[in-house]
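Fold and contact review
In case you want the letters, here they are:
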Amino acid sequence: VPVVPYFMDLPLLRGDEVPHAPHIAATAQPWPGAVAVYQSSTDANYRLNSILPTRATIGQTQGAMVAGSAGVLDRGEVLQVKLTSGTLESVTMDALLSGANLAAIGDGGSDNWEVFQFGDAQLVAPNTYWLSNRLRGQAGSDGVMPEVWPAGSTFVLLDGVPSQIELSPNLRRVVQNYRIGPARRGTDDPSYRHLVRAFDGNGLRPLSPCHLTGTQAANGDLDFSWIRRTRIDGDAWEVPEVPLGEESESYVVRVLKGEAVVRETLVGSPVWAYSAAAQASDGVGAAFVVSVAQISATYGAGLPRRLEIAA
């Protein structure tokens, strides 16, 4: 029976991961004992990359999960998940706030995953759970949270079983071939899956800024400010500011009219002035969008924060 693998190009979860390497989770029914991941640049002469000794806890959602606010408990409708394998359990609030029940929800591709936690897991049918009291957009993944995760989305429990594959830094964003299947069989066996993937290395991606605000002066000028976030070492309360996490502080600010970018500029501090003359030159009128993203010298522009300016 073919193995079902999922690559997950995740942000840093603990901070000690290899930032450019993706995670992989796999399941199969029956589980073959161990799963091998082989890698090649040319779909030939494959080399062994990783061995997955344990089946991951993977499932599919059977209901929608709408967007929620990061940093506060999401007490909305329960998320119903049917597992292919494994079990889930509830945890105390102290355990939840210490990082327990971490999971990822996505569309099955390698790049689009929201990391969240759940406090309560109620078994309602065979292999089927209701997940509630969630913490959404964890590890900075609020920037990829859609308006709704539809029924049929993929659920993966991040309990330490999904592990990172080996990936040389020079192969980041370079297409590679992967064959994934039972470790006891060869790569040409029909039970192997062939996947072609390139990974951005989202552990290197800057998080979206927060608290983006704008104020208007009497002459029509607009002054914008925001607070940056860091993807590394940001939990300490003893320091006056979180570490920058990048070689230098830099942001790309874009002004959008509809889907068109009418102005783009780079700034070196978390403030930007948009004069009335520049607004008139851009023809933005009274309704437009300002987007701000922090820049990494290695990754490029990170996840943006958007602010709608309405009439």
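What comes next is a walk through the structure. (Residues numbered from 1 in each chain as written. Predicted model: local features only at pLDDT ≥ 70, side-chain atom pairs only at ≥ 80, totals over all residues. Heavy atoms only, no water.)

**As for the layout of surface pockets**
To find leftover empty space, a probe the size of one water molecule is rolled over the atoms. So the rule is basically this: Put plainly, a pocket is an open set of points on a 1 Å grid over the protein atoms alone with protein on both sides within 12 Å along at least five of seven lines, a cavity is a set where a 1.4 Å probe fits but cannot get out, and a lining residue has an atom within 4 Å of a point. Grid points are joined across faces, edges and corners, and a volume is the space filled by probe spheres set on the points. Under the scheme used here, helices are H or I runs from DSSP no shorter than 4 residues and strands are E runs no shorter than 2 residues, and both carry numbers assigned from the N terminus. Each residue receives one of three labels: charged for Asp, Glu, Lys and Arg, nonpolar for Ala, Val, Leu, Ile, Met, Phe, Trp, Tyr, Cys and Pro, and polar for the others, Gly being one of them.
Approximately 1,500 Å³ is the volume found for the largest pocket. In terms of lining residues, the largest pocket is bounded by 43 residues, among which L13, Q138, A139, G140 and D235 are the most central. Looking at the lining of the largest pocket, the elements with two or more residues in it are α1 (93-97), β10 (113-125), β11 (128-138), β14 (163-164) and β17 (210-216). Top element by residues in the lining of the largest pocket is β11. It accounts for 4 residues. The residue makeup of the lining of the largest pocket, split by class, is 19 nonpolar, 14 polar and 10 charged. The space that makes up the second largest pocket amounts to roughly 330 Å³. If you trace the second largest pocket, you find 14 residues lining it, with D142, G143, M145, E147 and R305 closest to the centre. Across the lining of the second largest pocket, the residue classes tally to 6 nonpolar, 4 polar and 4 charged.

**Details of the pairing of strand β15 (residues 176-182)**
Short version of the rule: Throughout, exposure labels follow a simple rule: accessible area from a 1.4 Å probe, protein chains only, divided by the maximum for the residue type, with under 20% read as buried, over 50% as exposed, and the rest as partly exposed. Two strands are said to pair when DSSP picks up at least two bridges between them.
Burial analysis of β15 places 6 of its 7 residues in the buried class, the great majority of the element. Pairing analysis gives 5 bridges linking β15 to strand β16 (residues 193-197), with the strands arranged antiparallel. By the bridge assignment for β16, Q176 is matched with R197.

**Some remarks on the environment of H23**
Just so we agree on the cut-off: Here, two residues are considered to be in contact whenever any of their heavy atoms come within 4.5 Å of each other.
In this structure, H23 sits in strand β2 (residues 23-27). Between the alpha carbons of H23 and E166 there is a distance of 9.5 Å; along the sequence they are 143 residues apart. When residues no more than four places from it in sequence are discounted, the contact partners of H23 are Y6, F7, M8, L10, P162, S163 and Q164.

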